[in-house]
Amino acid sequence: MYSLSKNIKHLKIIREGRFKYFGSPDSKDDGALVFAGNLNWYERSLNNPCVTAIITTKELAKSIEFDMEKGLVVSASPRDAYWEAFSTQYEKGNLSPIMDFDIGENSHIHPTAIISDKVKIGRNVRIGAHTVINAYSHLADNCEIHEGCIIGCEGLQLYRSSDGISKLVRHAGGVNLGNSVVMLARSMVSKAVHPQLTRIGDETLLSLMVSVGHQSVIGKNCSIAGNCLFGGSVIMGNNVIVGPSVTIKDSINVGDNARIRMGSVVVRDVLSGQDVSGNFAISHLKNLKDYAEKSRG
């Protein structure tokens, strides 16, 4: 556990507290430090027992009776203060996933592949030419990684400092590929920003040049066609079919057994079993009806 007073020295601490990791108002593990720049995030943070410390504004801190058990820090810009504290801990080497490192039997790694010594690779894994697997990546048994893939690359996370300059947040997490995941040539999966894992479920297929954003969680037995782009923190269920050249916005939820048609731009959640298409994506059946009506006109 980290204390607020020792690790967030440049801000005003209203109530001392402790935290284990940098999280969000919806964190599900105990010990999260979060930022809350608006009333919605502040209320969610207060009501989540897993949140043990909050960075918020002076005005919000006065607006609601505060849970005496949570640490409280005030800042004119909670978001920036949070990322500055995160970056400080990253530079000190205090942020990384907990993972064992080894390479399982009967795995075949092409001699041109670049593999960190801080990875865990299961049995019967095949890694193709010029693939890069960065630290804190876990590939389970029977994965198949084709030429030029990158696993555990940095994604884009920025914060604006007090001098008005946007700064890149270094990613402290990793990647987990489930059993029998296949990545075809030049696909990439970004590691998580926080010390957790971007996850791809068992038997999911990523076709050519797919990009999965940081901290996304993709379910089991999904089929993702070529040239798709998933933003950060996308949550996708099981048995989802995604057509070629689909773009999914950050933090979108896609339910089990959904289908997203070719070229769709998804900017709102897709329900379980829903079939969507278009830019912006809506019901595929409605798109077909609209097209038929226009064609008759």
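Above this text sits the structure in question.
Computed from a prediction, not measured in an experiment: that's the story for all the values here. (Residues numbered from 1 in each chain as written. Predicted model: local features only at pLDDT ≥ 70, side-chain atom pairs only at ≥ 80, totals over all residues. Heavy atoms only, no water.)

Colleague: Could you give an account of the layout of surface pockets, with specific residues and numbers?
Modeller: Roughly 1300 Å³ of internal volume is contained in the largest pocket. If you go around the largest pocket, you meet 39 residues; those closest to its centre are Gly 23, Ser 24, His 194, Gln 196 and Gln 215. At the level of elements, strand E4 (21-22), helix H2 (39-47), helix H4 (78-91) and strand E22 (197-200) are the ones that each hand at least two residues to the lining of the largest pocket. For the lining of the largest pocket, the element with the highest residue contribution is H4, accounting for three residues. Residues that form the lining of the largest pocket fall into these classes: 17 nonpolar, 14 polar and eight charged. (1 Å grid on protein atoms, 1.4 Å probe; cavity = no way out; pocket = protein on both sides within 12 Å on 5 of 7 lines; lining within 4 Å. Points joined across faces, edges and corners; volume = space filled by probe spheres on them. Helix = DSSP H or I, 4+ residues; strand = E, 2+ residues; numbered from the N terminus. Nonpolar A, V, L, I, M, F, W, Y, C, P; charged D, E, K, R; others polar.)

Colleague: Give a detailed account of the nonpolar core, specifying residues and quantitative values.
Modeller: Within the largest apolar cluster, 39 residues are counted, with the highest numbers of intra-cluster contacts made by Leu 177 and Phe 230. Elements that contribute at least two residues to this core include exactly strand E11 (119-121) and strand E19 (174-177). Not counting residues up to four positions away in its chain, the partners in contact with Phe 230 are Ser 211, Val 212, Gly 213, Ile 218, Ile 224, Met 236, Val 242 and Ile 248. Counting residues in hydrophobic clusters, the runner-up holds 20 residues, among them Phe 22, Phe 35, Ala 81 and Trp 83. (Core = buried A, V, L, I, M, F, W, Y, C linked by side-chain atoms within 4.5 Å. Buried < 20%, exposed > 50% of the residue type's maximum accessible area, 1.4 Å probe, protein only. Contact = heavy atoms within 4.5 Å.)

Colleague: Residues and numbers for the packing of aromatic side chains, please.
Modeller: A complete count under the given rule lists nine aromatic pairs for this structure. An angle of 40° between the planes, with centres 5.5 Å apart, marks the rings of Tyr 2 and Phe 19 as tilted. Note that Tyr 2 is positioned in strand E1 (residues 2-3) and Phe 19 in strand E3 (residues 18-19), a separation of 17 residues in sequence. According to the relative accessible area criterion, Phe 19 is buried, its value standing at 0%. Ring geometry for Phe 22 versus Phe 86: centroids 5.4 Å apart, planes at 80°, classification edge-to-face. (Phe/Tyr/Trp six-rings, centres within 6.5 Å; stacked < 30°, edge-to-face > 60°.)

Colleague: Describe the state of the cysteines, listing the residues and the values that go with them.
Modeller: Within this structure, the stated rule accounts for zero disulfides. There is no disulfide at Cys 149, and the cysteine sulfur nearest it, in Cys 153, is 10 Å away. Judged by its relative accessible area of 0%, Cys 149 falls in the buried class. (Disulfide = S-S within 2.5 Å.)

Colleague: Kindly report on the pairing of E22, identifying the contributing residues and their values.
Modeller: Sheet analysis places E19 next to E22, joined by four bridges and oriented parallel. Paired with Val 175 across the strands is Thr 198, a residue of E22. Pairing between E22 and strand E25 (residues 217-218): two bridges, direction parallel. Paired with Ile 200 across the two strands is Ile 218, which belongs to E25. (Pairing = 2+ DSSP bridges.)

Colleague: Describe the environment of Tyr 82, naming the residues involved and giving the relevant values.
Modeller: Mapped onto the fold, Tyr 82 is located in helix H4. Residue class for Tyr 82 comes out buried when judged on its relative accessible area of 1%. Linking Tyr 82 and Phe 35, residues 47 residues apart in sequence, is a C-alpha distance of 6.1 Å. Apart from the residues lying within four places of it in its own chain, the contact partners of Tyr 82 are Phe 22, Gly 23, Leu 33, Val 34, Phe 35, Ile 55 and His 194.

Colleague: For the sheet that holds strand E7 (residues 71-74), give the residues involved together with the corresponding values.
Modeller: As summarised here, the arrangement of the five strands in space is E2-E7-E6-E5-E4, forming an open sheet in which the pairing is mixed. Edge positions in the open sheet fall to strand E2 (12-15) and E4, since each of these has one partner strand only. Bridge count between E4 and strand E5 (residues 32-36): two bridges; the pairing is parallel. Bridge pairing in E5 links Tyr 21 to Ala 32. Together, E4, E5 and strand E6 (51-56) form the strand contacts of H4, whose direction differs from that of E5 by roughly 150°. (Axes fitted to C-alpha atoms, helices over the stretch in contact; angles between N-to-C directions.)

Colleague: Provide a residue-level description of the sheet that holds E19, including the pertinent values.
Modeller: Pairing in this open sheet of eight strands is parallel, and the strands run E8-E11-E14-E19-E22-E25-E28-E31 from one edge to the other. Only two strands of the sheet have a single neighbouring strand rather than two, namely strand E8 (102-103) and strand E31 (253-254). Sheet topology note: the E11/strand E14 (residues 137-139) ladder contains three bridges and is parallel. Looking at E14, one finds that Ile 121 is bridged to Leu 139.

Colleague: Go over H2 with me, naming the residues and quoting the values.
Modeller: All of the buried residues in H2 are Tyr 42, Ser 45 and Leu 46. Take H2 and look down its axis: the buried residues cluster within an arc of 100°, on one side only. Looking at the buried residues of H2, the elements they touch are E5, E6, helix H3 (58-63) and E7. For H2, the N-terminal capping position is held by Asn 38, with its side-chain oxygen 3.2 Å away from the main-chain nitrogen of Asn 40. (Arc of directions from axis to C-beta. Polar contact = N/O pair within 3.5 Å; in protein donor to acceptor, adjacent residues only side chain to side chain.)

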